[in-house]
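# Notes for the structure review
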Amino acid sequence: MRPRVTVEVHTASFVAEYVFDQQATCLVGRSQECDIKISDHHRSVSRRHCRLTVDPPRLQVRDLGSSFGTHVNGHRLGRLTEWVLTDGDEVRIGDVRLRIGVIDTEDNVTAPGEEPTAPVTAPGYELLRELGRGSQGVVHLARHLDSGQVVALKRMWTFGRVDDNARFAFRREVEGIRALRHPHIVRFQEAGDEDDALYFATEYCAEGNLEQLAARHGGKIPRVDALAVVRQVLSALSHAHQAILPVSPQPDGENTHARGLVHRDVKPANILLAGTGPEGRPLVKLGDFGLAKAFERAGLSGHTRTGALGGTIPFAPRVQLVSYKYVGPEVDIWATAACLYWMLTGATPRDFPLGRDPVAIALREPVVRIRDRDPSVPPQLAKVIDEALTDTPRITVRTADELALALRDITL
């Protein structure tokens, strides 16, 4: 039997079921153009509320900027954030609930809440509660059983066997990530790859991320705080892009070293809050450093369209979408400038209208100049940001030190 996905729509007055056994993109909302049409009586559901991307047995949901939000198992998704759904998940849009069913290729139904081939536990850790999930895995707050230390534990989706070659490549990339030591990079604790279970343990930043900080400020972050944040991120990137990293022994037995590690997924959700720094400014740390490449080397990326492209589309330059495997440090600089733009304006550098393919927009549409978004942004700062977000025909600002220098003398 072919794998399939079912979506049950539950309201106070009726239940409807939609069945998918092949790839599909499905809009959900009150508009007539939606594939899953919700009655106009449900005013808390937006006209184009969310989008389901189906590739049985895989399924993702993306909020489309709805007024009341899209919630998965009680967790509200960020704008333009995709979330991997599994059997038994419940998606709430306003007062309507969508219940997800997934049947795999063996005609077996996954137990509610269970991730495909992901372990229920990680050896040596007690899982305390789920913190979030995405296209690459699920993150739990966990306690190390021997030390009692509380960590963020990320367990990967594997979708099948992980062979010895993939495991070796995965370990090799992990060693590079482990070598990064910087006050603005989340500390990497350890990784495990027992059987088909792959996981990372990192320090836990309890105060959330940049998205939550922006929400507390009504969607924008004060300029002086935004500049403090981006300077810390650039310091972290400068270290990582130039770091000497260990690599596995060569066939002749000699150890060699490589230089530099590219993040490839700098975005607000990966900039974590670690307290308060000098003059009361936010203290931040860059998380998920280098994991995208580690997943790729282990054969774990590419399970979703977004994962295959790499990064999060609104914070990725054009070159990253067309040449993901071969991009250099400059893509992290562009993404950092995009984060600064977002902190100051509450919007991403490009507009992503509902109903249009975001990849096509990123490849074809220009960046909106920042003073066209917010004329109050100081001209000197706007010039630096606009230049840093130039990505056609190539990225203009290519190193962390270059952007940091341009921002050094900015006065607000």
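Located above this text is the structure these notes cover.
I will try to describe carefully the structure that is included in this document. Since we're looking at a predicted model, the values are computed, not measured.

About the thresholds
- Residues numbered from 1 in each chain as written.
- Predicted model: local features only at pLDDT ≥ 70, side-chain atom pairs only at ≥ 80, totals over all residues.
- Heavy atoms only, no water.
- Helix = DSSP H or I, 4+ residues; strand = E, 2+ residues; numbered from the N terminus.
- Pairing = 2+ DSSP bridges.
- Axes fitted to C-alpha atoms, helices over the stretch in contact; angles between N-to-C directions.
- Parallel < 35°, antiparallel > 145°, perpendicular 65-115°, else oblique.
- Left-handed = near helix turned anticlockwise from the far one by under 90°.
- Contact = heavy atoms within 4.5 Å.
- Nonpolar A, V, L, I, M, F, W, Y, C, P; charged D, E, K, R; others polar.
- Phe/Tyr/Trp six-rings, centres within 6.5 Å; stacked < 30°, edge-to-face > 60°.
- Buried < 20%, exposed > 50% of the residue type's maximum accessible area, 1.4 Å probe, protein only.

## Examining unusual backbone geometry
Of the consecutive residues P56 and P57, the connecting peptide bond is found in the cis state with omega at 5°. Tracing the chain through its elements places P57 in the loop between strand 5 (50-55) and strand 6 (58-63). In this structure, P393 follows T392 across a cis peptide bond, with omega equal to 0°. Turning to its location among the elements, P393 is positioned in the loop between helix 10 (379-388) and helix 11 (400-408). One non-glycine residue, N73, adopts positive backbone phi at about 50°.

## Things to note about the sheet that holds strand 3 (residues 24-29)
Pairing is mixed across the open sheet formed by five strands, whose spatial order is 4-3-5-6-9. Both edges of this open sheet fall to strand 4 (36-37) and strand 9 (82-85), since each of them pairs with a single strand only. Pairing of strand 3 with strand 4, which is carried by two bridges, proceeds in the parallel orientation. Considered in strand 4, the bridge of G29 is made with K37.

## Section: the packing of helix 3 (residues 223-242) against helix 11
Viewed as axis vectors pointing N to C, helix 3 and helix 11 meet at an angle of 155°, and their least axial separation amounts to 8 Å. Of the possible angle classes, the one that applies to helix 3 and helix 11 is roughly antiparallel. For the element pair helix 3 and helix 11, the recorded crossing hand is left-handed. Listed contacts from helix 11 to L227, V230, R231, L234, L237, S238 and Q242 of helix 3 are A400, D401, L403, A404, L407 and R408. The residue inventory of the contact of helix 3 with helix 11, partitioned by class, reads eight nonpolar, two polar and three charged.

## What about the sheet that holds strand 7 (residues 70-72)?
Ordered in space as 2-1-11-10-7-8, the six strands form an open sheet in which the pairing is antiparallel. The strands lining the two open edges of the sheet, one partner per strand, are strand 2 (15-20) and strand 8 (75-76). Both strand 10 (residues 90-93) and strand 11 (residues 96-103) contribute to a ladder of four bridges, which runs antiparallel. Within strand 11, the residue paired with I93 across the bridge is V96.

## Observations regarding the packing of aromatic side chains
Applying the stated criterion across every chain, the model contains two aromatic pairs. When the centroid spacing of 6.1 Å and the interplanar angle of 75° are considered together, the rings of Y125 and Y199 count as edge-to-face. Of this pair, Y125 sits in strand 12 (residues 125-133) while Y199 sits in strand 16 (residues 199-203), placing them 74 residues apart in sequence. A single burial state applies to Y125 and to Y199, both of which are buried. Pairing F188 with F200 gives two aromatic rings, centres 5.6 Å apart and planes at 70°, and the pair type is edge-to-face. Taken as a pair, F188 in strand 15 (residues 188-192) and F200 in strand 16 lie far apart in primary sequence, twelve residues in all.

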